[in-house]
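Structural characterization, general
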Amino acid sequence: MGLKIEVFANNVCKYQNVTLFKEEQNMKKCIAMLLVVLVSITMFAGCASKPALEPSNSGDSQKATEAPKASGEKTGKTITIKVAHGAPEDHSSHAGWIKFKEVVEAESKGTMAVEIYPNQQLGGDREIMEGCQLGNITAGQSSSAPVASFEPSFFVLDIPFLFKSRQQVYEILDGEAGKALLKNLEAKKLKGLGFSENGFRNLTTSSVAVRKPEDLKGMKVRTMENAIHIATWKLLGANPTPIAFGELFTALQQKTIDGQENPFELIYSTKLHEVQKYAIDTQHIYSPLVIVMNIDFYNGLSEENKKIVDKAAKESIELQRSIAAENEQKAKEKIKEKIEVIELTDAERDAFRQMTKPVIEDVKAKAGTEIVDIFLNATK
Ligand code: TK8
């Protein structure tokens, strides 16, 4: 603003056809003009500094107004939390955010309001994370794989076949190991609020009934934009192709790629199975959804409102995980009605596990051996 004032003031002098240093009386006139200009700009700047957020598009939350002051003092107006996620509204993660909204608005007695923008309205996972870092999105979710580009310790979650069960996932992610990962986000302008569930990822293909790694030879498999996922599918003999989630359905429909991998619930809710021929329950990686908030926004909340956000995140994750687990089985049955679902035997699945083991060295190089050892020891 300083620069603008200077430029504007110079223009005013020029505009008055007055050069600053030519005559004494002009100097006085110009200084008087400058003072008037400076005072009026300063008053204007004070009014313009409060960003007004767009009106809510998700139900009955009150009109959005200012974010909290840095001190987190109540402004006397509604504090709005703008949430973005990339899943459809019938996906369990949306139900999780509705719960978050309910708890925040009830517990804050309406002094905080939540607006939810689902289904990639504000971009895919990477854009949502960037938006939360910048603050033009207050809170959101991303599969953990894209998060690794922001904070490399998250690559540890991309170790194939790391987790044995949901219960083990929840114990570890809600315990010290998961908390350490979330803490690492704070240096990247993100407050990690927890991990909800995308689920165990399964392969789908357009033409090959995959039962063993050799069946993948040369297959163009879409991956998330994550170096470990790419390395993993290369080890399996496939031709991994990173594509943003929002472009995936069209790429499958146009056969520019042969296959993809996602949890059954997301496959079903985004109709990916309708442009595939086989689904194979590889369960090759567990994909958490990382729940984040802009850290300056979070730190700017009062202690009472921080507790409300923490409580809302916890209850939202608990509900979402239970719905996700239920929906996975339902989605698998629905997918079976349309395409063949190949259920691998333990021995068949182990062939994939053995072939992907070498990727652990890549993970150690990216995430660091300490966090990898913590997770390997915890999942033994
Ligand atoms: C949806 C993504 C998706 C992810 C992917 O926003 O890109 O395949 O698994 O769930 O987060």
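Residues numbered from 1 in each chain as written. Predicted model: local features only at pLDDT ≥ 70, side-chain atom pairs only at ≥ 80, totals over all residues. Heavy atoms only, no water.

The phi angle at Lys109 is positive, at roughly 50°, despite the residue not being glycine. Looking at the element boundaries, Lys109 is found in the loop between helix H3 (92-107) and strand S2 (112-117). Overall, Lys109 belongs to the exposed group, its relative accessible area being 73%. The phi angle at Lys255 is positive, at roughly 60°, despite the residue not being glycine. With respect to the helices and strands, the residue Lys255 is situated in the loop between helix H9 (248-253) and strand S8 (259-262). (Helix = DSSP H or I, 4+ residues; strand = E, 2+ residues; numbered from the N terminus. Buried < 20%, exposed > 50% of the residue type's maximum accessible area, 1.4 Å probe, protein only.)

Checked against the element boundaries, Glu151 lands in the loop between helix H5 (144-147) and helix H6 (166-173). The exposure class assigned to Glu151 is buried, which follows from its relative accessible area of 9%. Engagement of the side chain of Glu151 in a polar contact is seen with the side chain of Ser153, the distance being 2.6 Å. Within the structure, Glu151 has its side chain in polar contact with the side chain of Lys188 (distance 2.7 Å). Contact partners of Glu151, with chain neighbours within four places excluded, come to Asn184, Leu185 and Lys188. (Polar contact = N/O pair within 3.5 Å; in protein donor to acceptor, adjacent residues only side chain to side chain. Contact = heavy atoms within 4.5 Å.)

In this section: the packing of helix H7 (residues 176-184) against helix H15 (residues 369-378). Remark: H7 packs on H15, axes separated minimally by 10 Å, with the N-to-C direction vectors making an angle of 150°. Overall, the two elements H7 and H15 adopt an arrangement that is roughly antiparallel. Here H7 and H15 pass one another in a crossing that is left-handed. Contacts between H7 and H15 pair Ala177, Gly178 and Leu181 from the former with Ile371, Ile374 and Phe375 from the latter. A breakdown of the residues in the contact of H7 with H15 according to their chemical character gives five nonpolar, one polar and no charged. (Axes fitted to C-alpha atoms, helices over the stretch in contact; angles between N-to-C directions. Parallel < 35°, antiparallel > 145°, perpendicular 65-115°, else oblique. Left-handed = near helix turned anticlockwise from the far one by under 90°. Nonpolar A, V, L, I, M, F, W, Y, C, P; charged D, E, K, R; others polar.)

Residues in close proximity to the ligand include Gly86, Gln120, Asp125, Ser143, Asn198, Arg201, Arg222, Met224, Phe245, Asn262 and Leu266, which together make up its full environment. Between an oxygen atom of the ligand and a side-chain N or O atom of Ser143, the distance comes to 2.8 Å. Coverage of the ligand by the protein chains reaches 96% of its 300 Å² of free accessible surface. Here the residues of the shell around the ligand sort into three nonpolar, five polar and three charged. (Near = heavy atom within 4 Å. Areas by Shrake-Rupley, 256 points an atom, 1.4 Å probe, with all protein chains shown as cover.)

It is worth spelling out the side chain of Asn202 at this point. You can see Asn202 is positioned in strand S5 (residues 202-205). From its side chain, Asn202 meets the backbone nitrogen of Gln283 in a polar contact 3.0 Å long. In this view, Asn202 contacts Gln260, Glu261, Asn262, Pro263, Phe264, Ile267, Ile280, Asp281, Thr282, Gln283, His284 and Glu328; residues no more than four positions away in its chain are not counted.

Of the positions making up helix H13 (residues 346-356), those classed as buried are Arg349, Phe352 and Thr356. Looking down the long axis of H13, one finds its buried residues gathered within 50° of arc, a one-sided arrangement. Every exposed residue of H13 that faces more than 90 degrees away from the buried side is listed here: Asp346 and Ala347. (Arc of directions from axis to C-beta.)

The final tally for this structure, using the stated rule, is four aromatic pairs. With a centroid separation of 5.2 Å and an interplanar angle of 75°, the aromatic rings of Trp97 and Phe100 are classed as edge-to-face. In this pair, Trp97 and Phe100 both sit in helix H3, three residues apart, roughly one turn of the helix. Using a relative accessible area of 2% as the deciding quantity, one classes Trp97 as buried. Judged by its relative accessible area of 1%, Phe100 falls in the buried class. (Phe/Tyr/Trp six-rings, centres within 6.5 Å; stacked < 30°, edge-to-face > 60°.)

Moving on, we come to the pattern of salt bridges. Taken as a whole and assessed by the stated rule, the structure comprises 25 salt bridges. For Glu343, the salt bridge is made with Lys332, and the minimal N-O distance between the two is 2.7 Å. Here Glu343, found in the loop between strand S11 (340-342) and H13, pairs with Lys332, found in helix H12 (residues 303-336); they are eleven residues apart in sequence, far enough to count as distant. Counted as one network, the salt bridges with shared partners bring together Asp281, Lys332, Glu333, Lys336, Glu343, Asp346 and Arg349. (Salt bridge = Lys/Arg side-chain N within 4 Å of Asp/Glu carboxyl O.)

Moving on, we come to the pairing of S8. Side chains of S8 alternate between two faces, with Gly259 and Glu261 and Gln260 and Asn262 buried alike. Where S5 lies against S8, four bridges are found, and the strand directions are antiparallel. Paired with Leu203 across the two strands is Glu261, which belongs to S8. (Pairing = 2+ DSSP bridges.)

Quick look at the pairing of strand S4 (residues 190-200) now. Along S4, eleven of the eleven residues are buried, which leaves the element largely enclosed by surrounding structure. Where S4 lies against strand S10 (residues 286-294), nine bridges are found, and the strand directions are antiparallel. Residue pairing in the sheet places Ser196 in a bridge with Leu289 of S10.

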